[in-house]
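Given next are the chains, with one letter for each unit.
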Amino acid sequence: MKTAFLFAGQGAQTPGMGKEIYEQDILAKAVFDSVNLDFDLKSLCFNGPKEMLDDTQYAQPAIFVTSMALAKMLNEYGVNADVCAGLSLGEYSALCYANAFSIADGAAIVRERGKIMANALPAGTSSMYAILMLEEAKIKEACEEVKELGICEIANYNCPGQIVITGEKAAVDKAKDLCLEKGARRAIELAVSGAFHSSLLQDAAILLRSVLQQYHLKQPEVSVYHNISGQIEDQPLIDILSKQISHSVYFEQTIANMLKDGVDTFIEVGPGKTISGFVKKCCKGHDVRILHVEDIKSLQECVETLKG
């Protein structure tokens, strides 16, 4: 059987993340110290302020570096991934873990990615909602019914019972209402700065490609399941990552394909437990272990569970 590392995406950030592991683990300290960006990443992760940490352009490198430090610690304790994936931003952590690029390069790339995404659309012109407990067909129907108001598309297939829609504000707000009328249990607005993973970010994808062209992206040494399909891809990484910010995230399909391929242990790596919640819903009826690692305590619990 196999172990998968699943890396956290944006939204998992919280002030104080990484501080404990930086102070107590030499490998984690080395990861943070190896990154040199145009702001004090360690201070932001460890102390906030929250408003800055929640800003897309800062949140992305902060989560990435914290996740990579935790992955190094897992390896130090003899816990390694057979396969990996990440949720949106987390795909970069997965690729870095698989040695597609260095931690320093990865941090620089996601810093630029964050800037591009933060500035992709004028403030207040887009919105994003998680639609709970409504069939995909009805959600697509709602998106189609509002097309005269603007673009509204599915951004994320997170897990059974949770699909995220995004696009131009008037269209998305109306589609959200239609989804509720069609039987959705809830519609939760997400605090993001743009219509991520929609066609509105096609220009941003072009800008991101120009950033990626500045770095040497190698073939992953560990199998990575990609957001654009939920599968292991053989396309060039520059194509996959350029597409990713303007295409739907197929996370539910990623977990389904991992299950088919024999994964029985899923470890969420990075701040928060959002992915663990998705995996539990994706794995109903399957005999699997779902763990998470975000600090010393959860790391020790994970290792004890796996090592018996």
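Our subject is the structure listed above.
Only a predicted model underlies this, so the values are computations on that prediction, with no experimental measurement involved.

Trainee: Can you walk me through the packing of helix 12 (residues 251–260) against helix 13 (residues 274–282) in this structure?
Mentor: Packed helices, taken two at a time, are described by the angle their axes make and the gap between the axes. Close contact between helix 12 and helix 13 brings their axes to 10 Å; oriented N to C, the two are set at 60°. On the basis of the axis angle, helix 12 is oblique to helix 13. For the element pair helix 12 and helix 13, the recorded crossing hand is right-handed. Facing Phe251, Glu252, Ile255 and Leu259 of helix 12, the residues of helix 13 in contact are Ile275, Phe278, Val279 and Cys282. Residue composition of the contact of helix 12 with helix 13, by class: seven nonpolar, no polar and one charged.

Trainee: What's the story with the pattern of salt bridges in this structure? I'm lost.
Mentor: Pairing is possible between side chains that carry opposite charge, provided their charged atoms lie close to one another. Enumeration over the complete set of coordinates arrives at 16 salt bridges. In this structure, the salt-bridge partner of Lys115 is Glu112, at a minimum N-O distance of 3.3 Å. Here Glu112 and Lys115 lie together in helix 7 (residues 103–118), a separation of three residues that amounts to about one turn. You can call Glu112 partly exposed: its relative accessible area is 28%. Where Lys176 meets Asp177, a salt bridge forms, and the shortest distance between an N and an O atom there is 2.9 Å.

Trainee: What am I meant to see in the environment of Ser67 here?
Mentor: Secondary-structure assignment places Ser67 in helix 5 (residues 56–76). In this structure Ser67 comes out as buried when scored by relative accessible area, which is 0%. Sequence separation between Ser67 and Val269 is 202 residues, and the spatial gap between their C-alpha atoms is 5.9 Å. Looking at Ser67, its side chain comes within polar contact range of the main-chain oxygen of Ile63, at 2.8 Å.

Trainee: What's the story with the sheet that holds strand 6 (residues 186–189) in this structure? I'm lost.
Mentor: What links the strands of a sheet is backbone hydrogen bonding, and the strands pair in either a parallel or an antiparallel sense. Taken together, the five strands give an open sheet; going across it, the order is 6-3-5-4-8, and neighbouring strands pair in mixed fashion. Two strands bound the open sheet, and with one partner strand each, they are strand 6 and strand 8 (249–250). Sheet topology note: the strand 3 (residues 126–132)/strand 5 (residues 162–168) ladder contains seven bridges and is antiparallel. Along strand 5, the bridge assignment pairs Met128 with Thr166. The strands touched by helix 8 (residues 136–145) are strand 3, strand 4 (152–159) and strand 5; relative to strand 4, the strand with the most contacts, the crossing angle is about 160°. Running at roughly 35° to strand 4, helix 12 makes contact with strand 4 and strand 8 of the sheet.

Trainee: When you look at the packing of aromatic side chains in this model, what are you seeing that I'm missing?
Mentor: Any two aromatic rings considered together are summarised by their centre-to-centre distance and by the angle between their planes. Counted by the stated rule, this structure contains nine aromatic pairs. Pairing Phe5 with Phe7 gives two aromatic rings, centres 6.3 Å apart and planes at 75°, and the pair type is edge-to-face. Both residues of the pair, Phe5 and Phe7, count as buried. Measuring from centroid to centroid gives 5.9 Å for Tyr22 and Phe32, while their planes differ by 90°, and the two rings are edge-to-face. Of this pair, Tyr22 sits in helix 1 (residues 19–24) while Phe32 sits in helix 2 (residues 26–33), and the two are ten residues apart along the sequence.

Trainee: Looking at this model, I keep getting lost on the environment of Ala142. Mind explaining?
Mentor: Along the chain, Ala142 falls in helix 8. When its relative accessible area of 0% is taken as the criterion, Ala142 is described as buried. C-alpha separation for the pair Ala142 and Ile232, spaced 90 residues apart in sequence, amounts to 31 Å. Excluding its chain neighbours within four sequence positions, the residues that come into contact with Ala142 are Ala175, Leu178, Cys179 and Lys182.

Trainee: Any chance you could explain the pairing of strand 1 (residues 2–7) here in plain terms?
Mentor: Every regular strand shows the same layout, with side chains that alternate between the two sheet faces. By the criterion of burial, strand 1 is predominantly enclosed, with five of the six residues buried. Both strand 1 and strand 9 (residues 263–269) contribute to a ladder of six bridges, which runs parallel. The residue bridging Leu6 from the neighbouring strand is Glu268, located in strand 9. Pairing analysis gives four bridges linking strand 1 to strand 2 (residues 83–86), with the strands arranged parallel. Residue Phe5 lies in a different strand from strand 2, and its bridge partner there is Cys84.

Calculation notes
The residue numbering used here restarts from 1 in each chain and proceeds along that chain's sequence as written. A pLDDT threshold of at least 70 governs which residues receive local features in this predicted model, and a stricter bar of 80 or more applies before side-chain atom pairs are shown or counted, although totals over entire chains, interfaces and linings include all residues. As a convention, hydrogens and water are excluded, and side-chain values are obtained from all of the structure's heavy atoms. Lines fitted to C-alpha atoms define the axes here, with helix axes fitted over just the stretch in contact, and angles between the N-to-C directions of these axes take values from 0 to 180 degrees. Secondary structure elements follow DSSP: runs of H or I of four or more residues count as helices, runs of E of two or more count as strands, with numbering from the N terminus. Every angle not falling under 35 degrees, over 145, or within 65 to 115 is termed oblique; those three ranges are roughly parallel, roughly antiparallel and roughly perpendicular. Less than a right angle of anticlockwise turn of the near helix away from the far helix marks a crossing as left-handed, whereas a clockwise turn marks it as right-handed. Note on contacts: a residue pair qualifies if any of its non-hydrogen atoms lie within 4.5 Å across the two residues. All amino acids are sorted into three groups, where Ala, Val, Leu, Ile, Met, Phe, Trp, Tyr, Cys and Pro are nonpolar, Asp, Glu, Lys and Arg are charged, and the leftover types, Gly among them, are polar. Any Lys or Arg side-chain nitrogen found within 4 Å of a carboxyl oxygen on Asp or Glu counts as a salt bridge. Summary of the burial criterion: residues with accessible area below 20% of their type's maximum are buried, those above 50% are exposed, and those between are partly exposed, where the area comes from a 1.4 Å probe applied to protein chains only. Here a polar contact means two N or O atoms within 3.5 Å. Within protein one must be a hydrogen donor candidate and the other an acceptor candidate, and residues neighboring in sequence count only if both atoms are side-chain atoms. Criterion used throughout: strands pair if DSSP finds at least two bridges between them. Centres within 6.5 Å make a pair out of two Phe, Tyr or Trp rings, where for Trp the six-membered ring is used; the pair is then stacked when the planes are under 30 degrees apart, edge-to-face when over 60, and tilted otherwise.

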